[in-house]
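Listed here are the chains, written in short residue letters.
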Amino acid sequence: MPLPVTGGDGDTIWTMRMPKNKLVRPVTEESLDAARLELGVDFQDAECLLISEVKVLLEAQYDSKKEEKNLDEVYTKTLEYVQKFSRYTNRDTIKEVRALLKPTELEPFECAQLGNLCCSEYEEAKSLVPSIGSRISDEDLDSLLKQMDSLKKYQG
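A few points on the structure. (Residues numbered from 1 in each chain as written. Predicted model: local features only at pLDDT ≥ 70, side-chain atom pairs only at ≥ 80, totals over all residues. Heavy atoms only, no water.)

1. Some remarks on the packing of aromatic side chains
Within this structure, the stated rule accounts for one aromatic pair. On the numbers, 4.7 Å between centres and 45° between planes, the contact of Y81 with F85 is tilted. Taken together, the positions of Y81 and F85, both in helix α2 (residues 73-85) and four residues apart, correspond to about one turn of that helix. Of the residues examined, Y81 reaches a relative accessible area of 46% and is grouped as partly exposed. We classify F85 as partly exposed; its relative accessible area is 35%. (Phe/Tyr/Trp six-rings, centres within 6.5 Å; stacked < 30°, edge-to-face > 60°. Helix = DSSP H or I, 4+ residues; strand = E, 2+ residues; numbered from the N terminus. Buried < 20%, exposed > 50% of the residue type's maximum accessible area, 1.4 Å probe, protein only.)

Next comes the structure, spelled out in structure tokens:
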């Protein structure tokens, strides 16, 4: 039998009764849409990382986890994923990409998306990350993408 739960805005939200000791997030009626930067409360003020940054962090922990025989399946699969899809191979390049993205008017989520996708054309970037359309001019975005592409090509 559904239980009534009142949301923060006073609206009643219905949720199903769950067994005890199960942590369940309340169901909300909010509409999430990354194209409009409506990412939900979990992502408010969250720091968004590039896949390459996650790779550096996981690889830094790898040796100690391996020695302790504490490599679980999620860690291993995540490490494999970031190693496969990391666009930047060294720390200096990652820092330079971050430095390029930081002074822009883009939100952290948009910066991470541009850094992860490595688009070659500004039209492609705007179609994959629609929220950047009004935040940065086509010329500035094109320049930014070319600088990021140059860093990716000439990294050590």
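Moving on from the model shown.
2. Some thoughts on the packing of helix α1 (residues 51-67) against α2
Between α1 and α2, whose axes approach to 9 Å, the crossing angle comes to 135°. Judged by the angle between their axes, α1 and α2 are oblique. The handedness of the crossing between α1 and α2 comes out as left-handed. Across the interface between the two elements, I51, V54, K55, L58, E59, Q61, Y62 and K65 of α1 pack against Y75, T78, L79, Y81, V82, Q83 and F85 of α2. Counted by class, the contact of α1 with α2 contains nine nonpolar, three polar and three charged residues. (Axes fitted to C-alpha atoms, helices over the stretch in contact; angles between N-to-C directions. Parallel < 35°, antiparallel > 145°, perpendicular 65-115°, else oblique. Left-handed = near helix turned anticlockwise from the far one by under 90°. Contact = heavy atoms within 4.5 Å. Nonpolar A, V, L, I, M, F, W, Y, C, P; charged D, E, K, R; others polar.)

3. Re unusual backbone geometry
In the Ramachandran plot, C118 falls in the positive-phi region, its phi being about 50° despite a non-glycine side chain. Take C118: it is sitting in the loop between α4 (108-117) and α5 (122-128).

4. So, the packing of α1 against helix α3 (residues 91-101)
Packing of α1 against α3 brings their axes to within 10 Å, and their N-to-C directions diverge by 140°. Comparing their axes, α3 and α1 come out oblique. For the pair α1 and α3, the sense of crossing is left-handed. Contacts from S52, E53 and V56 of α1 reach α3 at R91, I94 and R98. Per-class residue counts for the contact of α1 with α3 are two nonpolar, one polar and three charged.

5. Side note on the state of the cysteines
Note on terminology: disulfide describes a covalent bond linking the sulfur atoms of two cysteines. This structure, assessed with the given rule, holds zero disulfides. This cysteine, C48, is not joined by any disulfide, and C111 carries the nearest cysteine sulfur, 8.8 Å off. Residue C118 stays outside any disulfide, its sulfur separated by 7.8 Å from that of C119, the closest cysteine. (Disulfide = S-S within 2.5 Å.)

6. Examining the pattern of salt bridges
If you walk through the whole model with that rule in mind, you get eight salt bridges. Put simply, E73 and K77 hold a salt bridge, and the shortest N to O gap is 3.5 Å. Taken as a pair, E73 and K77 lie in helix α2 at a separation of four residues, close to a single helical turn. Judged by relative accessible area, E73 falls into the exposed class, the value being 56%. Each of E107, E110 and R135 takes part in one network of salt bridges that share partners. (Salt bridge = Lys/Arg side-chain N within 4 Å of Asp/Glu carboxyl O.)

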